[in-house]
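Each chain, written out:
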Amino acid sequence: MRLTSDQSLFTPILIVALQAVAAVYFLVDGIDDMIVQARDGLSIGIAMESIVAMALLGGVVMGSRYIRRLTAELDRKETALANARGALAEHIAMRFDEWDLTPGGGEVALFALKGCDVAEIARLRGAAPGTVRSQLSQIYAKAGVSSQAMLMSLFIEDLLLVD
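Residues numbered from 1 in each chain as written. Predicted model: local features only at pLDDT ≥ 70, side-chain atom pairs only at ≥ 80, totals over all residues. Heavy atoms only, no water.

A.B. asks: Outline the nonpolar core, supporting the account with residue identities and numerical values.
C.D. replies: Counting residues in each nonpolar core, the largest one holds 21 residues, and the members touching the most others are F96, W99, I121, L136, I139, L151 and F155. Elements with a contribution of two residues or more to this core: helix 2 (44–98), helix 3 (103–113), helix 4 (118–125), helix 5 (129–143) and helix 6 (148–160). When near neighbours in sequence (up to four residues on either side) are disregarded, L136 contacts V108, A112, V118 and I121. (Core = buried A, V, L, I, M, F, W, Y, C linked by side-chain atoms within 4.5 Å. Buried < 20%, exposed > 50% of the residue type's maximum accessible area, 1.4 Å probe, protein only. Helix = DSSP H or I, 4+ residues; strand = E, 2+ residues; numbered from the N terminus. Contact = heavy atoms within 4.5 Å.)

Put into structure tokens, the structure is as follows:
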């Protein structure tokens, strides 16, 4: 996922880099013009050129800070999402252990949680649909539910509970 995030930041970083090059160019040009015209007095044009160069340089600084802040926020969100994924996986494993599911039963239950129907689970496991139905019935009984939807809602309720 980080690759996609880096790709989405490529354009803003490129724009800030181009602004930095332009700012340096205009700053050097303004300083050069000031040195050349120092003995004749500064003109409004040179003063405006210097102000524009400073504003552009300020925009570069602000843009780079903003990109850095966005990157840090994106990193925090990706970390939180990874933690949530890990917590959900741990919670599912804990529930499966509580229900004393066999490895095969755990696999069937996981497919059911992912929304697969009996035929899909049978195909994915290379088992007969009747076997999968039997396993699902045992899983539902151990979980205290009567359907796949109720099994899924059991985990959703666990995630939504607030201490």
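What follows continues from the structure just given.
A.B. asks: Kindly report on a nonpolar patch on the surface, identifying the contributing residues and their values.
C.D. replies: A cluster of nonpolar side chains, namely L88, I156, L159 and L160, defines an oily patch on the protein surface of about 390 Å² accessible area. Among the elements that line the nonpolar patch, the one with the most residues is helix 6, at three residues. Position of I156 among the secondary structure elements: in helix 6. (Patch = residues over 30% accessible without salt bridge, like charges linked within 9 Å, V, L, I, M, F, W, Y side chains within 5 Å. Areas by Shrake-Rupley, 256 points an atom, 1.4 Å probe, with all protein chains shown as cover. Salt bridge = Lys/Arg side-chain N within 4 Å of Asp/Glu carboxyl O.)

A.B. asks: I'd like to hear about the packing of aromatic side chains, residue by residue, with values.
C.D. replies: Evaluated as defined, the whole model comprises four aromatic pairs. An angle of 35° between the planes, with centres 6.0 Å apart, marks the rings of F96 and W99 as tilted. Given the relative accessible area of 7%, W99 is considered buried. Aromatic side chains W99 and F155 sit 5.9 Å apart centroid to centroid with 75° between the ring planes, which places their arrangement in the edge-to-face category. One end of the pair, W99, is in the loop between helix 2 and helix 3; the other, F155, is in helix 6, and 56 residues separate them in sequence. By the burial criterion, W99 is buried, and F155 matches it. Within the aromatic cluster, the residues linked to one another by ring pairs are F96, W99 and F155. (Phe/Tyr/Trp six-rings, centres within 6.5 Å; stacked < 30°, edge-to-face > 60°.)

A.B. asks: Account for the packing of helix 5 against helix 6, naming residues and giving values.
C.D. replies: Look at helix 5 against helix 6: their axes get within 10 Å of each other, and the N-to-C directions meet at 45°. In terms of orientation, helix 5 lies oblique with respect to helix 6. Where helix 5 crosses over helix 6, the handedness of that crossing is left-handed. Residues I139, Y140 and A143 of helix 5 form the contact with helix 6, whose participating residues are Q148, L151 and L154. Of the residues in the contact of helix 5 with helix 6, the class split is five nonpolar, one polar and no charged. (Axes fitted to C-alpha atoms, helices over the stretch in contact; angles between N-to-C directions. Parallel < 35°, antiparallel > 145°, perpendicular 65-115°, else oblique. Left-handed = near helix turned anticlockwise from the far one by under 90°. Nonpolar A, V, L, I, M, F, W, Y, C, P; charged D, E, K, R; others polar.)

A.B. asks: Please set out the pattern of salt bridges residue by residue, giving values where relevant.
C.D. replies: Tallied over the entire structure, the rule returns three salt bridges. We note a salt bridge from R95 to D158, for which the minimum N-O separation is 2.7 Å. Separated by 63 residues along the polypeptide, R95 in helix 2 and D158 in helix 6 bring together distant segments of the chain.

A.B. asks: How would you summarise the environment of G104 if you had to cite specific residues and measurements?
C.D. replies: The residue G104 is located in helix 3 in this model. G104 gets classed as buried once you look at its relative accessible area, which sits at 18%. Separated by 31 residues in the primary sequence, G104 and Q135 have C-alpha atoms spaced 8.6 Å apart. Discounting chain neighbours no more than four positions away, the residues touching G104 are R125 and Q135.

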